[in-house]
Amino acid sequence: MQEAEKKTDSGIEIKKVYTCNDLPTHLNETLLPGEFPYTRGVQSDMYRGKLWTMRQYAGFSTAEESNKRYHFLLSQGVMGLSVAFDLPTQIGYDADHSLAEGEVGKVGVSICSIEDMEILFKDIPLDKISTSMTINSTGFILLALYIVLAKKRGIDLKQLAGTIQNDILKEYAARGTYIYPPKQSMRIITDIFEYCGQHLPKWNSISISGYHIREAGSTAVQEVAFTLSNGKAYVKAAIEKGLDINVFGKRLSFFFNAHNNLFEEVAKFRAARKMWATIMKDLGATDEKALMLRFHTQTGGATLTAQQPLNNISRVTIQTIAAVLGGTQSLHTNGFDEALGLPTQEAASIALRTQQIVANESGISDSADPLAGSYFIESLTNELEQKALALINQIDEMGGAVSAIENGFMQNKIAESAYAYQKAIESKEKIIVGVNQFESTSTTNIPVFQIDESIRIQQIEKLKALKSSRDNTKVANCLAAVKASAASTENIMPSVIDAIENYCTLGEIADVLRGIYGEYQA
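What counts and how
Residues numbered from 1 in each chain as written. Predicted model: local features only at pLDDT ≥ 70, side-chain atom pairs only at ≥ 80, totals over all residues. Heavy atoms only, no water. Salt bridge = Lys/Arg side-chain N within 4 Å of Asp/Glu carboxyl O. Helix = DSSP H or I, 4+ residues; strand = E, 2+ residues; numbered from the N terminus. Core = buried A, V, L, I, M, F, W, Y, C linked by side-chain atoms within 4.5 Å. Buried < 20%, exposed > 50% of the residue type's maximum accessible area, 1.4 Å probe, protein only. Contact = heavy atoms within 4.5 Å. Disulfide = S-S within 2.5 Å.

Quick look at the pattern of salt bridges
For the structure on display, the rule yields 28 salt bridges. A salt bridge links Arg-175 to Glu-171; the nearest nitrogen and oxygen atoms lie 3.1 Å apart. Taken together, the residues Arg-175 and Glu-171, both in helix α5 (residues 169–175) and 4 residues apart, mark about one turn of the helix. Residue Arg-514 pairs with Asp-511 through a salt bridge whose shortest N-O separation is 2.8 Å.

What follows is the structure, encoded as structure tokens:
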């Protein structure tokens, strides 16, 4: 009987046994972690020197409720905050807008003004923790809110550490929370690069995200190829703006997904580091910090199941191990209940403890790149790199990531992969425990986190009070200044910061730019 062929989820064939003959011919056995092209990691000692930053993505309801969760997470050992925003905040609508109805506070926290931001970070020392904000089309506004909050507290902006996602290209390709057309969005992003380079030296001005590309159904190979292609587009746009690649290149970060195919995921992270270092060198970077691919990882939300949800703890553990063996700098672990709703406090605690157990009890963090030299891992890293490079070359031939998105290339490839994956599940070629095999008829009483529908009413009342107490003449002048800077070539950030300081709302600022740039229609 012929043995069934084994493949990774990216279609890479897996041999029964690997030997030294499978090692890539170019493999330099003396290559060490911390050395170009950083395949083995960006630090020489990796986690022996410092563990990865343990984050828990959190944000829901009002700023008051999210602040309580942040304090709880910090008390449990979280090293950095990761903020989730609701859909109206993500696409530039205040809570009182008609299109915000039914969505306020649902998938993240509702932020409309500097008053909300003050409550969100109440009693949290911004100069002592790092904050990651998952926000894209309105990323420039949320960054301005964070800056204004720091200024009001007398904190030196040079001390602010964190990341703003600010990756609009993947929104057009995979996620959909865009507002403005690509060209105008790219202009805003390079303005942020410039501003951060001058004023926020510790701040990562973008987190180029493969996470959402993978969540939309891509393979691991496509996740790497599309993410790095988007990264190339941002770097080229910044160079065209006259920015120094050795300055802004140091503050570029990446955001990847971790799925269940342990060895493919480890190979993916190693290949991505090597590929990015080479890409940046080819684009003119010479500073080693600008050559390094530093990344945050989140465990795979799309891999979690509503059926037998406690099984998700095992899935998240595998994904955590993959991220750590792959050399991540920062990690968020999903709650086991996230296929049912927002994570409960208990689920968030278990997710964090999973990281802490891997860090302190498994021994995985004791050696840098412990799988290096494995015939299987080195071969898989090389194969994944070659397949991803072939896709990047296709995109380059189209004129780059923006063109590939505009003509639907990335979207179509992701859709094809998602369809093939679903077919494999339905045919049982791909086994998902508890879903298409090892099913159970018993029910599990998992409490589901509920968001009160009165949240929107509370936010609307706060907005009414804000608009009646502020100096609306100053507001009008500030919004006019934002409009003028958006219509010119000057950096937009100073006028947006000024507008926030004078209590303009997120929706008001986003609407000014809608009037100048219009809205993108896919």
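As for the nonpolar core
Residues Met-117, Phe-121, Met-133, Phe-140, Ile-509 and Leu-513 are the most contacted members of the largest nonpolar core, which totals 138 residues. In terms of residues, this core owes the most to one element, helix α4 (residues 139–152), which gives 11 residues. Excluding residues that lie within four positions of it along the chain, Phe-140 makes contacts with Tyr-180, Ile-188, Ile-192, Met-493, Val-496, Ile-509 and Leu-513. By size, the runner-up hydrophobic cluster in this structure holds 8 residues, among which are Phe-60, Ala-100, Ile-451 and Ile-455.

Considering the state of the cysteines
Inspection of every chain in the model, using the stated rule, returns 0 disulfides. Looking at Cys-112, it has no disulfide partner, and the nearest cysteine sulfur is the one in Cys-504, 14 Å off. Judged by relative accessible area, Cys-112 falls into the buried class, the value being 1%. Cys-478 takes part in no disulfide bond, and the closest cysteine sulfur to it belongs to Cys-504, at a distance of 4.9 Å. Of the residues examined, Cys-478 reaches a relative accessible area of 6% and is grouped as buried.

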